[in-house]
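Single-letter residue listing:
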Amino acid sequence: MIPPLKVYDTVDKALRWMDEFRVNELAVSKNRKYIGLATETNLIELEDRGLTLENVKLEFQDVFVMHYQHFYDVMEAAIKNKIQVVPVLDEVHEFIGIITINDTLAAFGQMSALQGQGSILVLSMPERDYSLSQVSRLIEEENVKILSAYVSPDELDPYKIKLTLKLNATDLTRIIATLERFEYRITAQFHDSSSFDMGKERLDMLFKYLDI
């Protein structure tokens, strides 16, 4: 719902929009292509508020997600780069829109509410080794059910995929041990209490960043 700025928009307009939408960054597009974020930190230091954005240094040109990626990727991009908005692009890298941190938190909360209590587990593996039936068998042998599964590309390695699982259990200690024994790599998990809880740590970082 937050439109992009254009290169012919002024610094004054960008700052007014940031205040109106209560964000510290806004996407800038040119000929439907995303070209970077205008940041309040940079713009507020400029004396000439009539300057157009084509004459202003933009940041985070390489920070965006594709429209098919999971909102966990949005969260990761926001935390890593300490930004409040993440641009979304389509297959031809044309700008679609932006997702805010609040949007991401709402999506996370909605998914948790709809699917009930449990945990979320994220695995990384070579694409050639992906077998949901194999993973399901290992998990169900521990008397745990998979409520939903989501496959997405691993942005750190083009030859790997990420498998996100929603499980109906909160204690994943035995499941993690079993999966790691079969050489599956656990990259994140979301639940209340576990010494392996990297996902919760990422959420804690996010809440701290937002001062919630």
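What you see as residue numbers is a count from 1 along each chain, following the sequence as written. For this predicted model, a pLDDT threshold of at least 70 governs which residues receive local features, and a threshold of 80 or more governs which side-chain atom pairs are given and counted, while totals over whole chains, interfaces and linings are taken from all residues. The side-chain figures draw on all heavy atoms in the structure; neither hydrogens nor water molecules are used.

1. What to know about the pairing of strand β3 (residues 33-39)
1) Next: To sort residues, take the accessible area from a 1.4 Å probe on protein chains only and compare it with the maximum for the residue type: under 20% means buried, over 50% means exposed, and anything in between is partly exposed. The numbering of helices and of strands both runs from the N terminus, where a helix is a DSSP run of H or I of at least 4 residues and a strand a run of E of at least 2. In terms of burial, β3 is largely enclosed, as 5 of its 7 residues are buried.
2) Next: Where strand β2 (residues 25-30) lies against β3, 6 bridges are found, and the strand directions are antiparallel. For S29, the partnering residue across the bridge sits in β3 and is Y34.
3) Next: In this scheme, strands are said to pair when DSSP sees at least two bridges between them. Counting the residues between successive antiparallel strands, the hairpin from β2 to β3 contains 2 residues, one of them, N31, with a positive phi of roughly 55°.

2. A word on the nonpolar core
1) Next: L5, L26, V28, A38, L43, L53 and V86 are the most contacted members of the largest nonpolar core, which totals 34 residues.
2) Next: Every element with two or more residues in this core is listed here: α1 (11-21), β2, β3, β4 (65-66), α3 (71-81), β5 (85-89), β6 (95-100) and α4 (101-115).
3) Next: Of all the elements, α1 adds the most residues to this core, at 5 residues.
4) Next: Contacts are assigned to residue pairs with any non-hydrogen atoms lying within 4.5 Å of each other. Filtering out sequence-adjacent residues up to four positions away, V28 remains in contact with L5, K6, V7, K33, Y34, I35, G36, A38, L53 and L58.
5) Next: By convention a nonpolar core is built from buried Ala, Val, Leu, Ile, Met, Phe, Trp, Tyr and Cys residues, the set being connected through side-chain atoms within 4.5 Å. M125, L138, I175 and Y184 belong to the second largest nonpolar core, which has 18 residues in total.

3. Some points on α1
1) Next: Looking at α1, one finds that the buried residues are V11, A14, L15, W17 and M18. Burial along α1 is one-sided: seen end-on, the buried residues are contained in an arc of 160°. For α1, exposure combined with an orientation more than 90 degrees from the buried face picks out D19 and E20.
2) Next: As for α1, its buried residues are in contact with β1 (5-6), β2, β3 and α2 (40-43). This arc is built from the directions going out from the helix axis to the C-beta atoms.

Interpretation note: all reported values are geometric properties and have no functional meaning in isolation.
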